[in-house]
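# Results of the structural survey
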Amino acid sequence: MNNNYLDCLALFGVGGAHPGGLPLTKRILSKEEIDETKSILDAGCGTGQTSAYISKKYQCHVTSLDCNKMMLDKARKRYLSLQLPIEVKHGSTENLPFDKGLFDFILSESVISFTDVSLTLPEFNRVLKPNGVLLAIEMVQEKPTTEGERTTLINFYGVPQLLTESEWCNLFKKFGFKHVHVEEDMQPIDEMDLELGADFALSEDIDGKYFEILEKHEQLTEDYKEVLGFRIFRCCK
Ligand SMILES: C[S@@+](CC[C@H](N)C(=O)[O-])C[C@H]1O[C@@H](n2cnc3c(N)ncnc32)[C@H](O)[C@@H]1O
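All of the points below concern the structure found in this document. (Residues numbered from 1 in each chain as written. Predicted model: local features only at pLDDT ≥ 70, side-chain atom pairs only at ≥ 80, totals over all residues. Heavy atoms only, no water.)

## So, the nonpolar core
Put simply, the test is: Joining through side-chain atoms within 4.5 Å is the link that ties buried Ala, Val, Leu, Ile, Met, Phe, Trp, Tyr and Cys residues into a set, and such a set is a nonpolar core. Buried, partly exposed and exposed residues are distinguished by accessible area as a fraction of the type maximum, computed with a 1.4 Å probe on protein chains only: under 20%, between the cut-offs, and over 50%, respectively. In this analysis, two residues are considered to be in contact whenever any of their non-hydrogen atoms come within 4.5 Å of each other.
With 26 residues, the main nonpolar core has I106, L121, F124, L134, F172 and F233 as its most contacted residues. The residues touching I106, leaving out its near neighbours within four places in the chain, are L41, A43, F124, V127, L128, V133, L134 and L135. Among the nonpolar cores identified, the runner-up in size contains 24 residues, and I28, A52, Y58 and V62 belong to it.

## Here's the deal with the side chain of H18
Spelled out, the test is: Where helices and strands are cited, they refer to DSSP runs of H or I of at least four residues and of E of at least two residues respectively, numbered from the N terminus. Two N or O atoms count as a polar contact when they lie within 3.5 Å, although within protein this holds only if one can serve as hydrogen donor and the other as acceptor, and sequence-adjacent residues are included solely when both atoms are side-chain atoms.
Along the chain, H18 turns up in the loop between strand 1 (14-15) and helix 2 (21-30). What makes H18 buried here is its relative accessible area of 9%. Here E109 takes part through its side chain, which lies 3.3 Å from a polar atom of the side chain of H18. For H18, the contacting residues outside a window of four places in its chain are T25, T50, E109, S110 and I137.

## Quick notes on unusual backbone geometry
The phi dihedral of Q83 is positive, around 55 degrees, even though this residue is not glycine. Tracing the backbone shows Q83 in the loop between helix 4 (69-82) and strand 4 (87-90). Backbone geometry at D205 places phi at a positive 50 degrees, although glycine is not the residue there. Topologically, D205 is positioned in the loop between strand 8 (199-200) and helix 9 (208-223). The exposed category is assigned to D205, whose relative accessible area is 75%.

## Some remarks on the pattern of salt bridges
So the rule is basically this: The working definition used for a salt bridge is a side-chain nitrogen of Lys or Arg within 4 Å of a carboxyl oxygen of Asp or Glu.
Considering all chains together, one arrives at 11 salt bridges under this definition. Across the pair E32 and R234 runs a salt bridge, and its minimum N-O distance is 2.8 Å. In this pair, E32 is assigned in the loop between helix 2 and strand 2 (39-43) and R234 in strand 9 (residues 228-236), connecting sequence segments 202 residues apart. Linking E123 and R126 is a salt bridge whose minimum nitrogen-to-oxygen distance equals 2.8 Å. You can see E123 and its partner R126 sitting in helix 5 (residues 117-127), three residues apart, about one turn around the helix. Residue classification places E123 among the buried residues on the basis of a relative accessible area of 12%. Of the residues examined, R126 reaches a relative accessible area of 30% and is grouped as partly exposed. The structure contains a network of salt bridges with shared partners spanning E142, E165, E184 and R231.

## Examining the packing of aromatic side chains
Each aromatic ring pair is specified by the distance between its two centres and by the angle formed by the two planes. Put simply, the rule reads: Only rings of Phe, Tyr and Trp enter the pairing, Trp through its six-membered ring, and a pair is recorded when the two centres are within 6.5 Å. The plane angle decides the type: under 30 degrees is stacked, over 60 is edge-to-face, the rest tilted.
Applying the stated criterion across every chain, the model contains 10 aromatic pairs. With 5.8 Å between their ring centres and 50 degrees between their planes, Y5 and F156 make a pair best called tilted. Within this pair, whereas Y5 is found in helix 1 (residues 4-12), its partner F156 is found in helix 6 (residues 147-157), the two being separated by 151 residues in sequence. Each member of the pair Y5 and F156 is classed as buried. With 5.0 Å between their ring centres and 90 degrees between their planes, F12 and F211 make a pair best called edge-to-face.

## Comments concerning the sheet that holds strand 4
Sheets are built from strands paired through backbone hydrogen bonds, the pairs being either parallel or antiparallel. Going by this rule: Whether two strands pair comes down to DSSP finding at least two bridges between them. Here the axes come from fitting lines to C-alpha atoms, over the contacting stretch only for helices, and the angles between their N-to-C directions go from 0 to 180 degrees.
Taken together, seven strands build an open sheet; the order of strands is 4-3-2-5-6-9-7 and the sheet is mixed. Each end of this open sheet is capped by a strand with a single partner; those strands are strand 4 and strand 7 (179-183). The average undirected angle you get between the axes of adjacent strands in this sheet is 20 degrees. Pairing of strand 5 (residues 103-109) with strand 6 (residues 128-141) involves six bridges; the strand directions are parallel.

## Examining the site of the ligand
What counts is decided by this rule: Here a residue is near a molecule or strand as soon as one of its heavy atoms is found within 4 Å of it. Residue burial considers only the protein chains on display, and all accessible areas are found by Shrake-Rupley using a 1.4 Å probe.
Near the ligand lie 21 residues; those nearest to it are A17, H18, G44, D66 and T93. One of the backbone N or O atoms of A17 is found 2.7 Å from an oxygen atom in the ligand. At 2.6 Å from an oxygen atom of the ligand is found a side-chain nitrogen or oxygen belonging to D66. Out of a free accessible area of 600 Å², the ligand has 96% covered by protein chains.

Now the structure itself:
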C-alpha cells in the first residue's frame with residue numbers, strides 16, 4: 001500500500017520516528033532483563049536507530065525488519081559504519097519470515113498502527129518464545145472526534161484505524177497476549193536528550209511535496225495534541 005507519510009519518513013531518513021524518540025526507547029529497555037543471550041526483533045525498524053542502540057548496549061542478537069527498502073538501506077549503512085552485527089530482513093510484520101518461538105523480545109515502535117492488526121499481532125505471538133515479551137509504542141486516540149477529524153487523521157497517516165487504549169488492550173488479548181501492561185509516558189521530555197537522539201539520513205533530490213507532508217505533520221500534531229496520544233504496551237503470552 002502506498003503511504004505518503006511513511007515514504008516521507010524514509011526519504012528524510014528520520015531516525016527514532018516514534019513518540020518519545022530514543023530517550024523513551026532507552027527508558028523502556030532499561031526495565032527489562034536483557035543480556036547477550038537474548039534475541040530481539042526490532043519490527044518496523046526504520047533507519048535502525050533503536051537496533052543499533054540495542055546491539056551496542058546489550059551485545060545481544062538483534063534482527064531488524066522493515067517492509068520499506070529505502071529504510072532498510074539506510075539501516076544497513078548505519079550498521080556497517082558502526083560495525084554492528086545486526087541481521088537485516090526485508091519483510092512484513094503481517095507475514096514474518098521467521099520460524100515460531102525465535103525471539104525473547106519484539107520491540108515495535110510506532111509500527112502496528114500502520115498495519116493490519118489482525119495479521120500482525122498473531123505473527124508477533126507466533127515468533128515470540130513462550131515467555132517472550134512484546135514491547136510496543138503506539139498511537140492512541142485520547143478523545144472522541146468528529147467523523148471528519150478521524151478521516152483527516154486516518155487519511156494523512158495512512159492507518160487503517162485509530163484505536164483507543166482499551167481497544168488496543170482488547171486486541172492484544174484477542175490475539176493471544178494474556179497479560180497487557182499499559183504505561184503512559186509521564187516523564188518530561190529532556191530536549192537536550194531528544195536533540196542528541198535526532199538523526200536524519202536524507203536522500204538526494206527530495207520532491208517538494210514531501211517537505212509539505214512534513215509541515216502538515218507538524219501542523220496536525222499541534223492541532224490534534226488533545227486527541228492523539230501514545231502508550232507503551234508491554235504484552236506477554
Ligand atoms: C513511524 S515509522 C517508525 C520506524 C522505527 N520504528 C522508528 O521508531 O524510527 C514506521 C515504520 O514501520 C514500517 N512498516 C509499516 N508497515 C510495516 C509492515 N507491515 N511490516 C514491516 N514494517 C512496516 C515502515 O516502513 C516504517 O519504517
